[in-house]
Amino acid sequence: RLERDDPQDYGAPGEFQMGPGITVLPATSVRVHPQADAIMAGLASVLLVITALVLAIACSNLATMLLVRGAARTKDIAVRLAMGARRAQIVRHLLIESLLLALAGGAVGCLLAWWALDALRLMELPVTVDVTLDVRVLLFAFGLSLVTGVGFGLAPALKTTRVDLVPTLRDEGGSPIDARRLTLRNALIVFQVGVSVLLLGGTSLFLQQSAAATALRVDYAVRGVALLETDLRFAGYSAAQAARTADDLRQRVAALPGVASASLLRGLPMQVNGTAVVIDRATEGNRSAARAAWLAAGPGFFDTLQIPLLAGRGFDARDRPGTPRVAVISQRMAQQFFGDVNAVGRRFRSLNSDDENAWIDVVGIARDTNTGDFGDDVLDPVGPLYYLPYTQQPGPPTTIVARTSGDAAALVLAMQRELRAADPSLPVLTATTMADSLRRAQRAPDAVALLLGLLGALGLVLASIGLYAVVAFAVARRSREIGIRMALGARGPQVVWSLARGVAALVAIGAGLGVAASAAMTLMLGATSAPQTGLGNIAIYRPHLDPVALLLIAALTLGVALIATLVPGRRAARMDPLVALRDGG
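Rules used in this analysis
Residues numbered from 1 in each chain as written. Predicted model: local features only at pLDDT ≥ 70, side-chain atom pairs only at ≥ 80, totals over all residues. Heavy atoms only, no water. Helix = DSSP H or I, 4+ residues; strand = E, 2+ residues; numbered from the N terminus. Buried < 20%, exposed > 50% of the residue type's maximum accessible area, 1.4 Å probe, protein only. Contact = heavy atoms within 4.5 Å. Areas by Shrake-Rupley, 256 points an atom, 1.4 Å probe, with all protein chains shown as cover. Expected span 1.5 Å × (residues − 1). Polar contact = N/O pair within 3.5 Å; in protein donor to acceptor, adjacent residues only side chain to side chain. Axes fitted to C-alpha atoms, helices over the stretch in contact; angles between N-to-C directions. Parallel < 35°, antiparallel > 145°, perpendicular 65-115°, else oblique. Left-handed = near helix turned anticlockwise from the far one by under 90°. Nonpolar A, V, L, I, M, F, W, Y, C, P; charged D, E, K, R; others polar. Pairing = 2+ DSSP bridges. Phe/Tyr/Trp six-rings, centres within 6.5 Å; stacked < 30°, edge-to-face > 60°. Lys NZ or Arg CZ within 6 Å of the ring centre and 35° of its normal. Salt bridge = Lys/Arg side-chain N within 4 Å of Asp/Glu carboxyl O.

Enquirer: What's the story with the overall build of the protein in this structure? I'm lost.
Expert: Regarding its fold elements, the protein presents 18 helices and 13 strands. Classification of the 585 residues of the protein by burial places 44% in the buried group. Contacts spanning at least 24 positions in sequence make up 79% of the contacts within the protein whose residues lie at least 6 apart. For the protein, the exposed surface amounts to about 29,700 Å²; the carbon and sulfur share of it is 62%.

If you want it as structure tokens, here you go:
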């Protein structure tokens, strides 16, 4: 009906059709956007997997502490068993304790989540999400706490109650931690360290994308450029009236003090449209049909964004409705599609056009730029691109772009004042500087990198706490041995190394496995990520293997783990031998 009532806005035969293809969906079936839900679901799945890994570290940490706690109570359990207590009774008692610990942790976690969501509402997120706490999430957390308490408390409970009564009652124990023995406690240490390294390795991948996008040269003017986007049709203007009013507004902006140039375009400079094109007189050396991006702009566009023309001309008053259709193409499009850097005079047409004779003449060659979506440009920085004059496209221009020698932010305010002076009813869709627009394009990868970094750091802290508990337990169990060694002349560093070498070997094994898993994940993502994959400014970056980053992550993990083991070791080295011998007895 829109196409029938207003064919001028929705295109005529041979032009790009905007009207057809409208799909109506119930709001309950859409989370963010129909085209975005699949990608957002993938990102959410990745975050869920990462959160599950952190939870696995916490659970293994809990299991490690329960093993340590159970080992410390071995003599007490042996006494109970010797006095006739059944093993099932003791296991049930230990399970209830671990279940209470898990439920208490789940309750504290829900409280922290409540506070975190309150803080999250104050942040400017890259996408709009509902940050209210869902009852289903609370029920899931409660159920997970139950499963955690039972699942990770059962194995330590069974192991603790499996004791040899006579040696235990004689207090014959306290074996050191040995990396050569495949015990449950050693396996948990290796698992915690390995997953921590894997999480930090995943963080480095998103930091790669953030660094690559930050260092990316867009090759068009950024400093001093201001953008003002509106749509005059929202205020009831016809397409012809909107075009005239927009040009008048451009002239008023160009007359502002300090403005060097101003131009009009459809959309924003970094938001392009994709289409398939057919090349006229295609030869064997170039493709007859391929995909390219396009952007509708007006006279002065290349001068405003300081994009040099390498051949031909830009847009001017000759490019109006009814005249032969023209385009300015990029260097890469000229080379890939026409096999010649200077393709002025060649022709192509959109594959979507119903008119096979609707050829577009190439009138100019522009330098390659990253004018496309900034997030996706990290994947393909200089894709094939062509510019069309908006005067030969359906619909009016929507954006004024201006370049000033002064402050771009002040120019944005001045442009808004000119818009209100022209018509106070006109909406402001975008009012920003080019620099701010590019910075906003970084919010999504930066936010994900920050979240992954926090989760990785949390996992490393949890693993360090577990290592501290294990070494502290070993010190307490071996206090008599430590006292004898120190009484016989052993030095402090020797005592510390005797306590830490087993844990150091386990940490090294875990770090090695984590580095291997992180490298495998990086290579897999590098082989499967498609360059076309992306949503707005959220793009899936094709990562590359960075051995230096992986080695630094492994070194960081080893350093933190060794600090966690050296603290109780140094405390043992400063122990009075007489006190150690008395306490050990």
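Enquirer: Would you mind showing me how to read helix H12 (residues 408-422) here?
Expert: Residue pairs spaced three or four apart in an α-helix point in one direction, given the helix's 3.6 residues per turn. Over its 15 residues, H12 runs 21 Å from end to end, which matches the ideal 21 Å to within 8%, given 1.5 Å per residue. Listing the buried residues of H12 in full gives Ala 408, Leu 411, Val 412, Ala 414, Met 415, Gln 416, Glu 418 and Leu 419. Tucked into the core, H12 has its buried residues touching strand S1 (225-229), helix H9 (239-254), strand S2 (259-265), strand S10 (399-404) and strand S11 (430-433). One side-chain oxygen at the N-terminal end of H12 lies 3.2 Å from the backbone nitrogen of Ala 409; it belongs to Asp 407.

Enquirer: Looking at this structure, how should I read the packing of H9 against H12?
Expert: Angle between the axes and distance between the axes are the two parameters that describe a pair of packed helices. Contact geometry for H9 and H12: axes closest at 10 Å, N-to-C directions at 140°. Taken together, the axis directions place H9 and H12 in an arrangement best described as oblique. Crossing of H9 against H12: the hand is right-handed. Residues Leu 249, Arg 252 and Val 253 of H9 form the contact with H12, whose participating residues are Met 415, Glu 418, Leu 419, Ala 421 and Ala 422. For the contact of H9 with H12, the residue count by class is 6 nonpolar, no polar and 2 charged.

Enquirer: What is the right way to read the pairing of strand S8 (residues 360-366) from this model?
Expert: Side chains on a regular strand alternate between the two faces of the sheet. For S8, a buried count of 6 out of 7 residues is recorded, marking the element as mostly surrounded by other parts of the structure. Inspection of the sheet shows strand S5 (residues 309-312) paired to S8 by 3 bridges, in the antiparallel sense. By the bridge assignment, Ala 311 is partnered in S8 with Ile 365. As judged from the 2 bridges shared by strand S7 (residues 347-350) and S8, these two strands associate in the antiparallel manner. The partner of Arg 347 across the bridge, within S8, is Asp 361.

Enquirer: Looking at this structure, how should I read the packing of helix H4 (residues 74-82) against helix H5 (residues 87-121)?
Expert: Look at H4 against H5: their axes get within 10 Å of each other, and the N-to-C directions meet at 145°. Between H4 and H5 lies a crossing of right-handed hand. Every residue of H5 that contacts H4 at Ile 77, Arg 80 and Leu 81 is listed here: Arg 87, Ile 90, His 93 and Leu 94. The class makeup of the residues in the contact of H4 with H5 is 4 nonpolar, 1 polar and 2 charged.

Enquirer: Is there a simple way to explain the packing of aromatic side chains in this structure?
Expert: Aromatic rings considered in pairs are described by the distance between their centres and by the relative angle of their planes. Evaluated as defined, the whole model comprises 6 aromatic pairs. Taken together, a centroid distance of 6.4 Å and an interplanar angle of 65° make the contact between Phe 338 and Phe 348 edge-to-face. Taken together, the positions of Phe 338 in helix H11 (residues 331-338) and Phe 348 in strand S7 put the pair 10 residues apart, joining distant regions of the chain. Each member of the pair, Phe 338 as well as Phe 348, carries the same accessibility label: buried. For the pair Phe 348 and Tyr 386, a centre-to-centre distance of 4.9 Å together with 70° between the ring planes defines the contact as edge-to-face. In this pair, Phe 348 sits in strand S7 while Tyr 386 sits in strand S9 (residues 385-389), placing the two residues 38 residues apart along the sequence. You can call Phe 348 buried: its relative accessible area is 0%. Among the residues examined, Tyr 386 registers a relative accessible area of 2% and is labelled buried. Through pairs of rings, three or more aromatic residues link up here, namely Phe 301, Phe 302, Phe 315 and Tyr 387. Between Arg 349 and the ring centre of Trp 359, over which it is positioned, the NZ or CZ distance is 5.6 Å.

Enquirer: I tried to follow the pairing of S7 on my own but got confused; where do I start?
Expert: In the sheet, strand S3 (residues 273-279) pairs with S7 via 3 bridges, with the strands oriented antiparallel. Counterpart to Val 277 in the pairing with S7 is Ser 350.

Enquirer: What exactly am I supposed to notice about the side chain of Ser 263 here?
Expert: With respect to the secondary-structure elements, Ser 263 resides in strand S2. A distance of 3.1 Å separates the side chain of Ser 263 from the backbone oxygen of Pro 299, its partner in a polar contact. Polar contacts involving the side chain of Ser 263 include one to the main-chain amide nitrogen of Phe 301, which spans 3.2 Å. Non-local contacts of Ser 263, meaning those with residues more than four positions away in its chain, are made with Arg 250, Gly 298, Pro 299, Gly 300, Phe 301, Thr 304, Thr 399, Ile 400 and Val 401.

Enquirer: How do you make sense of the side chain of Thr 404 when you look at a structure like this?
Expert: On the secondary structure map, Thr 404 appears in strand S10. Note on Thr 404: relative accessible area 11%, which makes it buried. Only 2.9 Å separates the side chain of Thr 404 from the backbone oxygen of Gly 258, close enough to count as a polar contact. A polar side-chain atom of Thr 404 sits 3.0 Å from the main-chain amide nitrogen of Gly 406. Among residues more than four places away in sequence, those in contact with Thr 404 are Gly 224, Gly 258, Val 259, Ala 260 and Leu 411.

Enquirer: I'm lost on the pattern of salt bridges in this one. Help?
Expert: Oppositely charged side chains are able to pair whenever their charged atoms sit close together. Here the structure, examined in full by the defined rule, presents 5 salt bridges. Residue Arg 252 pairs with Glu 418 through a salt bridge whose shortest N-O separation is 3.0 Å. With Arg 252 in helix H9 and Glu 418 in helix H12, the pair connects residues that are 166 residues apart, well separated along the chain. The class for Arg 252 is partly exposed, based on a relative accessible area of 35%. One salt bridge connects Arg 313 with Asp 316, and the closest N-O pair in it is separated by 3.5 Å.

Enquirer: Even after reading the chapter, I still don't get unusual backbone geometry, so can you show me in this structure?
Expert: Across residues other than glycine, the phi torsion is negative in most instances, and most of the peptide bonds are trans. In this structure, Gln 306 is a non-glycine residue whose phi angle is positive, near 55°. Within the element layout of this structure, Gln 306 appears in the loop between helix H10 (301-304) and S5.

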